[in-house]
Amino acid sequence: MKKLGFRFSIIAAAMAMVSCGNKTTSEFPGYEKVEEGLYVKYFAQNAAGRKVASGDILTMSMQYGTEDSTLFDTGLNGQPVQLRADSGRYTGDILKAFMNMNMGDSAAIIVNADSFFMKTAGMPSSPDFIDSAAMLYFNIGLTSVQSMEEMQAEADSKNADAEANEMVILKQYLADNNITTEPTASGLIFISKKEGAGKQAVAGKKVKVNYEGMFLDGTYFDTSLEDAAKANGIYNPQRPYGPFDFDLGASQVIKGWDEGIAMLKEGGKARLIIPSSIAYGAAPKPGAPFSTLIFDVELIEVMD
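Residues numbered from 1 in each chain as written. Predicted model: local features only at pLDDT ≥ 70, side-chain atom pairs only at ≥ 80, totals over all residues. Heavy atoms only, no water.

(A) A look at helix α5 (residues 148–176). The end-to-end C-alpha distance of α5 is 42 Å, a good match for the 42 Å that 29 residues give at a rise of 1.5 Å each. Within α5, burial applies to M151, E166, L170, Y173 and L174. Check the buried side of α5 and you find it contacts β3 (57–65), β5 (81–84), β7 (135–146), β8 (189–194), β12 (269–274) and β13 (293–303). Directly after α5, the chain includes N178, whose backbone phi takes a positive value near 50°. (Helix = DSSP H or I, 4+ residues; strand = E, 2+ residues; numbered from the N terminus. Expected span 1.5 Å × (residues − 1). Buried < 20%, exposed > 50% of the residue type's maximum accessible area, 1.4 Å probe, protein only. Contact = heavy atoms within 4.5 Å.)

Put into structure tokens, the structure is as follows:
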């Protein structure tokens, strides 16, 4: 599982803004001083909620910024913040504020900016616009408290449901399009469009391929063909278009490509229907997790 921590998009957003002036301890009325550099004001407190324990994964809404500027707001980007709770690594660590909270609680937290950027976020230095004594302001709402095991079990359950749903959608697509081609052992559906007359693609050889990639609903997500990119609204003037080359069988591409291209000869064309198990699996790359992908491919050259 990917290591959890403060979303670095928050840090990037902060670096684009200008900090306000400094504050002193006496200027935080209503806040509890947890320790030097860390001040907390608890709002809604849910005594019946699950108490945070060290190692728990916390999911929360968050507003983050200076005294007079909001730098980040999960209410605007729709993505909650997740972090792993612990008892803190230094005096004034914001993580210590969460150890007194229960799921459903909300709080305002003030921390030293320098400590946050350099120690919590792990940056080599604070942004130039942040004074070393400046304070940063957080408003958070704790929406979920889970152990790592619970979080993994939830993710596994969601993945299992998504993977099963993928097969339902694929089955319907095949029926709607009268596709009766039997899949290979891996699940690849190879539909030949044109027999090639040149050299056979062989694992270990470098090959050049033109391709058009789309989802089952026909939406394009990538292509090596400039005209196709323009026609389908995905043209990028910054990228070069032309045949894509790679070493066949060297895991430089998804498994469905290594298998499908190896079934072609130079000049051959085919449609590859590739389930996520031999594409990108649970990764949202491209599209949603557990997405079946379609590639129309043409083997241009098998290089010696």
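(B) Molecular detail of the side chain of S291. Within the secondary structure, S291 is located in the loop between β12 and β13. Those residues in contact with S291 that lie beyond four places of it in its chain are E166, I274, S276 and P286.

(C) Seen up close, the environment of L170. Assignment of secondary structure puts L170 in helix α5. Each C-alpha atom of the pair L170 and P240 lies 32 Å from the other, and the pair is 70 residues apart in sequence. Ignoring any residue separated from it by four or fewer positions in sequence, one finds L170 in contact with L216, I273 and T292.

(D) Fine view of the pairing of β12. The buried count for β12 comes to five of six residues, which makes it a mostly enclosed element. Relative to β12, β8 is paired through five bridges, and the arrangement is antiparallel. Within β12, the position partnered with F190 by the bridge is L272. In terms of strand pairing, β12 meets β13 through six bridges, oriented antiparallel. Directly across from I274, in β13, lies its bridge partner L293. (Pairing = 2+ DSSP bridges.)

(E) Structural context of the pairing of β3. Most of β3 sits out of view: seven of its nine residues are buried. With four bridges joining them, β3 and β5 adopt antiparallel strand pairing. Counted as the bridge partner of T59 is Q82 from β5. Pairing geometry for β3 and β7, over nine bridges, is antiparallel. Paired with M62 across the strands is I140, a residue of β7. When β3 meets strand β4 (residues 70–73), the two strands line up antiparallel, connected through three bridges.

(F) Quick look at the pattern of salt bridges. As enumerated under the stated definition, the model contains 12 salt bridges in all. Of the charged contacts, one joins D93 and R89 as a salt bridge, the two residues approaching to 3.9 Å between their closest N and O atoms. Classification of D93 as buried rests on a relative accessible area of 0%. Two residues, K158 and E154, come together in a salt bridge whose shortest N-O distance is 3.3 Å. Here E154 and K158 lie together in helix α5, a separation of four residues that amounts to about one turn. Taking relative accessible area as the criterion, K158 reaches 52% and is therefore assigned exposed. Among the ionic contacts, a cluster of salt bridges with common partners joins R50, D56 and E150. (Salt bridge = Lys/Arg side-chain N within 4 Å of Asp/Glu carboxyl O.)

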